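An overview of the molecular structure
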Amino acid sequence: MVVGEAGLGKSTLVNSLFLTDVYSPEYPGPSHRIKKTVQVEQATVFIKEGGVQLLLTIVDTPGFGDALDNSNCWQPVVDYVDSRFEDYLWAESRVNRRQMPDNKVHCCLYFIAPLGHGLKPLDIEFMRHLHEKVNIIPLIAKADTLTQEECQQFKRQIMKDIQEHKIKIYEFPETDDEEENKLVKKIKGRLPLAVVGSNTIIEVNGKRVRGRRYPWGAAEVENDEHCDFTVLRNMLIRTHMQDLKDVTNNVHYENYRSRKLAAVAYGGVENKKNKGQLTKFDTGEGVSPLAQTEERREQVAKMKKMEMDKEQAIDMKFKEKEQKLKDSEGELQRRHELIKKNLEAQHKELDEKRRQFEEERAYWEAQQR
């Protein structure tokens, strides 16, 4: 998922990351469209890395932060992430769980405007609402507009703001491998990643590279001294793709699943305004003990009924499969008997032909004498 204000180069970076035209003149990026309401769009792209084909789903958020009043502009994004969790939870709860496509959002690239003054209130509020639902990786957009000193100072200010507001960004895992730990430390030292996107081929010192040409020189996209583009691409596609998925499944999804199941056990639908807060049945405020007891009895009865329904469905499936096995066994037995009868008939026919042959041979030998 890519999130950020219009004009920060999200579409260009996506095209650069995957070396394909996800956005093109026929299907322009969000900044070039008239409609500016916050919405969520997704596109699928096939890429090939090391001979392995990968299917990636890119989720874009056109219209984010472009309105005069940006109150709750992050809500469509939160709702989308929750809907992916809800779809997976529903698929996981079915009796037949063979087909469970994983459409969860495993990573959110959040684009920060290169203003040089730290995070804006909108940036802070968005990450605070999303940091417990998805792996957030902050990016400094259009890093070629900053000098190296300005970029380093901006990075330090952003990380300071993130720590002060207790925002949880993606934590790179440490391993026992020294080489991998060196790579992780290198990436951590460059956070937030400063990126430049471009699919334009330019010539620099006799080499053809992707980059942007300026009067003062050229900014190369895949040069680590100019930006962190290669660090980001390798992390997303090669080194940390599986860990992003594992953290999403084992942490973010499990937290969502626990909240939903707790909501079912204590009164059904989870109230969006009171997420993470105790319900009135937890506190007992304004509810009589008799009403609490009655409510809990109803919930226990409902849970038992759900368990019974699920057991009946499983029993029915088991009986259907058992019947199918019996029918298949009967069919195989009939086929076996038929084949056996055919073989016996062929044996009798061969014995009869052998007997006739022996008689004819004995007659012929008698004639020769």
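Scroll up for the structure.
Residues numbered from 1 in each chain as written. Predicted model: local features only at pLDDT ≥ 70, side-chain atom pairs only at ≥ 80, totals over all residues. Heavy atoms only, no water.

**Considerations on the layout of surface pockets**
- Size it by volume and the largest pocket reaches roughly 710 Å³.
- As for the largest pocket, its lining consists of 26 residues, of which Leu-55, Leu-56, Thr-57, Lys-104 and His-106 are closest to the centre.
- Secondary-structure elements contributing two or more residues to the lining of the largest pocket are α1 (10-18), β3 (52-60), α2 (75-93), α6 (229-239) and α7 (241-265).
- A per-class count over the lining of the largest pocket returns 18 nonpolar, four polar and four charged. (1 Å grid on protein atoms, 1.4 Å probe; cavity = no way out; pocket = protein on both sides within 12 Å on 5 of 7 lines; lining within 4 Å. Points joined across faces, edges and corners; volume = space filled by probe spheres on them. Helix = DSSP H or I, 4+ residues; strand = E, 2+ residues; numbered from the N terminus. Nonpolar A, V, L, I, M, F, W, Y, C, P; charged D, E, K, R; others polar.)

**A look at the environment of Thr-230**
- Locating Thr-230 in the fold gives a position in helix α6.
- By relative accessible area, which is 18% here, Thr-230 ends up buried.
- Excluding anything up to four places from it in sequence, Thr-230 contacts Glu-222 and Asp-224. (Buried < 20%, exposed > 50% of the residue type's maximum accessible area, 1.4 Å probe, protein only. Contact = heavy atoms within 4.5 Å.)

**Overview of the packing of aromatic side chains**
- Counting across every chain of the model gives five aromatic pairs.
- With a centroid separation of 5.4 Å and 40° between ring planes, the pair formed by Phe-85 and Tyr-256 is classed as tilted. Here the residue Phe-85 occupies a position in helix α2, and Tyr-256 occupies one in helix α7, the gap between them amounting to 171 residues.
- For Tyr-256, a relative accessible area of 6% corresponds to the buried category.
- Aromatic side chains Tyr-88 and Tyr-253 sit 5.2 Å apart centroid to centroid with 90° between the ring planes, which places their arrangement in the edge-to-face category. One end of the pair, Tyr-88, is in helix α2; the other, Tyr-253, is in helix α7, and 165 residues separate them in sequence. Taken individually, Tyr-88 and Tyr-253 each receive the classification buried, so the pair is uniform in this respect.
- Put simply, the rings of Phe-85, Tyr-88, Tyr-253 and Tyr-256 touch in pairs and so form one group of aromatic residues.
- Sitting over the ring of Tyr-88, Lys-104 keeps its end group 3.6 Å from the ring centre.
- Looking at Lys-104, its charged tip hangs above the ring of Tyr-253, at a distance of 5.3 Å from the centre. (Phe/Tyr/Trp six-rings, centres within 6.5 Å; stacked < 30°, edge-to-face > 60°. Lys NZ or Arg CZ within 6 Å of the ring centre and 35° of its normal.)

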